[in-house]
Amino acid sequence: MSDCCIGLNWILVKSKATGIAMTPLEGHGSINMAGNIVGMGVQELAQYIKSWNNFEAALALAAINSALNTEERVKQLTGRSVSSHPRSNAFEYYRHLFLSKKVAVIGHFPDLESLSEICELSILERRPGHKDFPDPACEYLLPLQDYVLITGTTLINKTLPRLLELSKNSTVILVGPSTPLTPRLFSFGISTLAGSVITDSKVWNFVRQGGGGMAIFQHGCSMVKISSSEEKDTTNSRTAVTV
């Protein structure tokens, strides 16, 4: 890898492309390999996804995304360019599916409240705000849901395996810029990956200057959604052409 940036809100790693992950809100704010990160191989850095230091794990996730979340791979997986993907977030794009359903969201994303007007909405948050449920409520709420949308940062704090186990009877969407766009995740019960691809280098200045929130999508970060059915259809089509 040739560069990295650990900003207030986002972490960037540059290798084949630029990968992004959210800067953790909790954990020890130091990275043991600081000073030696640039020049490390992506595979070596990716191993730190297993670290119990959230900042090291987030850096590793950004490194993983620098190899997986690229314009070339999205075209290969979906048959469409990144620019042709809808520029709406997963909560807006799949809103019609949530009508009159039980929907749980892991992580308090911006502007979720409007969903409560059309569905039975439960928001679970590590730092719960007004009307949010605390983390442990997942044990009781998730088995009852029709849809569960899980923040990609659960790969950093290691809660994703249990959340998927609890959501095995639900349609699961992994969501947020930190989400790796790899079909391997479909085999664990995830139906859709709603992640991102960095398409403009101006994102580096934005992150270095402390930028955060949804504004990242006006500074070189593009939304991408890949469903398990779409990936299978594209794979079969490529196979048919090859044969």
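Residues numbered from 1 in each chain as written. Predicted model: local features only at pLDDT ≥ 70, side-chain atom pairs only at ≥ 80, totals over all residues. Heavy atoms only, no water.

Would you mind going over the environment of Glu 72 in detail, with residue names and values included?
Within the fold, Glu 72 resides in helix H3 (residues 71-78). Sequence-wise, Glu 72 and Val 42 are 30 residues apart; in three dimensions their C-alpha atoms are separated by 18 Å. (Helix = DSSP H or I, 4+ residues; strand = E, 2+ residues; numbered from the N terminus.)

Before we move on, can you summarise the sheet that holds strand S1 (residues 3-6) with the specific residues and values?
In spatial order, the strands read S1-S2-S3; together these 3 strands make up an open sheet with antiparallel pairing. Both outer strands of the open sheet, S1 and strand S3 (18-22), are each paired with one neighbouring strand and no more. The sheet shows a mean angle of 15° between the axes of neighbouring strands, direction not considered. Relative to S3, strand S2 (residues 10-14) runs antiparallel, the two being bridged by 5 bridges. Counted as the bridge partner of Lys 14 is Thr 18 from S3. (Pairing = 2+ DSSP bridges. Axes fitted to C-alpha atoms, helices over the stretch in contact; angles between N-to-C directions.)

I'd love a proper account of the packing of aromatic side chains, names of residues and values included.
For the coordinates displayed, the defined rule picks out 3 aromatic pairs. Where Tyr 93 meets Tyr 94, the ring centres are 4.9 Å apart and the plane angle is 85°; that geometry is what we call edge-to-face. Judged by relative accessible area, Tyr 93 falls into the partly exposed class, the value being 38%. We classify Tyr 94 as buried; its relative accessible area is 11%. With a centroid separation of 5.2 Å and 70° between ring planes, the pair formed by Phe 98 and Tyr 147 is classed as edge-to-face. Of this pair, Phe 98 sits in the loop between helix H4 (90-93) and strand S4 (102-106) while Tyr 147 sits in strand S7 (residues 147-151), and the two are 49 residues apart along the sequence. The class for Tyr 147 is buried, based on a relative accessible area of 13%. The ring of Trp 52 is capped by Lys 158, whose NZ or CZ atom sits 5.3 Å from the centre of that ring. (Phe/Tyr/Trp six-rings, centres within 6.5 Å; stacked < 30°, edge-to-face > 60°. Buried < 20%, exposed > 50% of the residue type's maximum accessible area, 1.4 Å probe, protein only. Lys NZ or Arg CZ within 6 Å of the ring centre and 35° of its normal.)

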